[in-house]
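Chain by chain, the residues run as shown.
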Amino acid sequence: MADVLATATTHDKFIGEVWSKEALIAREANLVIANLVSRFDQDAVKGGDTIHVPNVTNLTGGNISTSTGLLDAESPTETEVNITIDKWKGVNMKVLDIVLAQSMYPFRKLYTDRMGYILAKLVDDDLAILAASLSQTVGTFNTDLTDANFRRAIQYLDDANAPFTDRSWVLKPAVKNTILGIDKFVRYDAIASAKGITSGRVPGELYGAMTHISTNTYKTGTSTSNMLIHKDCLALAMQKGVKIEQFARVGWLDHFGGSELYGVKEMRDDQGCELRS
């Protein structure tokens, strides 16, 4: 990522004159996906560039012979999923001394907060991309999702025996708008509560799975990949969390930045569904 050079010209809005004491900061998108997946941080911090996660096959069982009292032993051949720690992300900024001296605001804190946010967003973005690789899909790109699409997505997870707990929808705001137009999800006589409408969380829960509305869902052009996932569908391994640090001075300026190191992986394809819209 390229250096950002702050000069007295590019950042004159921070210098003198009559401005609010609080800098105007763009509204942050909701960061949600990293909290909805399986985490392998403790394995990652031990070192190495790959985490090997074994898949354990379900056993079948059978009838014990009434004449011999024996039952054939099972010998499953197990496989593994590998999480490669290969995403090294960073952002850095250089600030001239004149800007620091003349700024009326806590310059470094404002931008280190921004760095922490963008590094967190990059993690969410990398997880969101995995929606497009799920083999189970419903809906059509550039077309509103329907109630039948939501129910079919739920069935995919039911058919795979995904636990009912830890299921989550990750949906674009446009999909929330679609849901608001489906009476059974918002009408008081259908849900016996107006709480969701008054709180702005509509719906808070959809067919037993919590909904998370985020602008970080994966989008290619006008095609959006929303998703329904169980926690075991995707994985995140943070080997080095977000770290903000100041570098040695070269010239009359401060140089500071942040970095992180992690890996993401689709773990169980049948535990997720892409909802195309």
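Residues numbered from 1 in each chain as written. Predicted model: local features only at pLDDT ≥ 70, side-chain atom pairs only at ≥ 80, totals over all residues. Heavy atoms only, no water.

Peer 1: Got a sec to walk through the overall build of the protein chain? Specific residues and values, please.
Peer 2: Along its length, the protein chain carries 8 helices and 14 strands. Across the 277 residues in the protein chain, those meeting the buried criterion constitute 39%. A fraction of 80% describes how many contacts in the protein chain between residues 6 or more apart in sequence connect residues 24 or more apart. Of the accessible surface of the protein chain, which amounts to about 15,900 Å², a share of 54% is contributed by carbon and sulfur atoms. (Helix = DSSP H or I, 4+ residues; strand = E, 2+ residues; numbered from the N terminus. Buried < 20%, exposed > 50% of the residue type's maximum accessible area, 1.4 Å probe, protein only. Contact = heavy atoms within 4.5 Å. Areas by Shrake-Rupley, 256 points an atom, 1.4 Å probe, with all protein chains shown as cover.)

Peer 1: Report on the nonpolar core, specifying residues and quantitative values.
Peer 2: Ile33, Leu127, Met227 and Leu236 are the most contacted members of the largest nonpolar core, which has 30 residues in total. Looking at this core, the elements with two or more residues in it are β5 (87–96), α3 (107–129), β11 (223–230), β12 (234–246) and β13 (253–266). Among the elements that line this core, the one with the most residues is α3, at 7 residues. Judged by nonpolar contacts, the second largest core, of 20 residues, contains Tyr156, Trp169, Val186 and Cys273. (Core = buried A, V, L, I, M, F, W, Y, C linked by side-chain atoms within 4.5 Å.)

Peer 1: Let's hear about the state of the cysteines: which residues, and what values?
Peer 2: Counting across every chain of the model gives 0 disulfides. For the unlinked cysteine Cys233, the closest cysteine sulfur is that of Cys273, found at 9.7 Å. When its relative accessible area of 0% is taken as the criterion, Cys233 is described as buried. (Disulfide = S-S within 2.5 Å.)

Peer 1: Lay out the packing of aromatic side chains with the relevant residues and their values.
Peer 2: By convention here, two paired aromatic rings are described through the distance between centres and the angle between planes. Here the structure, examined in full by the defined rule, presents 3 aromatic pairs. Here the aromatic rings of Phe150 and Phe185 are separated by 6.4 Å at their centres, their planes lie at 80°, and the arrangement is edge-to-face. Residue Phe150 is located in helix α4 (residues 147–159), and its partner Phe185 is located in helix α6 (residues 183–186); the two are separated by 35 residues in the primary sequence. Assigned by exposure class, Phe150 and Phe185 land together as buried. Between the aromatic rings of Phe185 and Tyr207, the centroid separation amounts to 5.7 Å while the plane-to-plane angle is 80°, which identifies the pairing as edge-to-face. Of this pair, Phe185 sits in helix α6 while Tyr207 is found in the loop between β8 (205–206) and β9 (209–213), placing the two residues 22 residues apart along the sequence. For Tyr207, a relative accessible area of 32% translates into the label partly exposed. Among the aromatic residues, those joined into a ring-pair cluster are Phe150, Trp169, Phe185 and Tyr207. Across from the ring centre of Tyr156, 3.8 Å away, lies the NZ or CZ of Arg152, which sits over that ring. (Phe/Tyr/Trp six-rings, centres within 6.5 Å; stacked < 30°, edge-to-face > 60°. Lys NZ or Arg CZ within 6 Å of the ring centre and 35° of its normal.)

Peer 1: Please give an account of the side chain of Gln136 that cites residues and values.
Peer 2: Mapping Gln136 onto the fold places it in the loop between α3 and β6 (137–139). Looking at Gln136, the relative accessible area reads 14%, which means it is buried. Among the polar contacts made by the side chain of Gln136, one reaches the main-chain carbonyl oxygen of Gly272 at a distance of 2.8 Å. (Polar contact = N/O pair within 3.5 Å; in protein donor to acceptor, adjacent residues only side chain to side chain.)

Peer 1: So what's going on with α4? Which residues, and what values?
Peer 2: Taking 1.5 Å per residue as the helical rise, α4 with its 13 residues ought to reach 18 Å, and the 18 Å between its terminal C-alpha atoms agrees with that figure. Among the residues of α4, Asp147, Asn149, Phe150, Ala153, Ile154, Tyr156 and Leu157 are the ones counted as buried. Residue Asn161 follows α4 closely and has a positive phi angle near 60°. (Expected span 1.5 Å × (residues − 1).)

Peer 1: Break down the environment of Leu171 for me, citing the residues and quoting the values.
Peer 2: Positionally, Leu171 belongs in strand β7 (residues 167–171). Residues Leu171 and Leu275, 104 residues apart in the sequence, show an inter-C-alpha distance of 8.6 Å.

Peer 1: Could you give an account of the side chain of Ser277, naming the residues involved and the relevant values?
Peer 2: Among the structural elements, Ser277 can be located in the segment after β14 (272–276). A distance of 2.8 Å separates the side chain of Ser277 from the side chain of Asn226, its partner in a polar contact. Excluding residues within four positions of it along the chain, Ser277 makes contact with Thr140, Phe141, Asn142, Thr143, Leu145, Val175, Thr222, Ser223, Thr224 and Asn226.

Peer 1: Outline the pairing of β12, supporting the account with residue identities and numerical values.
Peer 2: Relative to β12, strand β2 (residues 38–39) runs parallel, the two sharing 2 bridges. Paired with Arg39 across the bridge in β12 is Leu236. Between the antiparallel neighbours β12 and β13 lie 6 residues, among them Gly251 with a positive phi of about 90°. (Pairing = 2+ DSSP bridges.)

Peer 1: So, helix α5 (residues 173–180): which residues are in play, and what are the values?
Peer 2: Among all positions of α5, only Val175, Thr178 and Ile179 are buried. Across the axial projection of α5, the buried residues extend over an arc of 100°, all falling on one side. Those residues of α5 that are exposed and angled more than 90 degrees off the buried face are Ala174 and Asn177. Summarising the contacts, the buried residues of α5 are in contact with α4, β7, α6, β8 and β11. (Arc of directions from axis to C-beta.)

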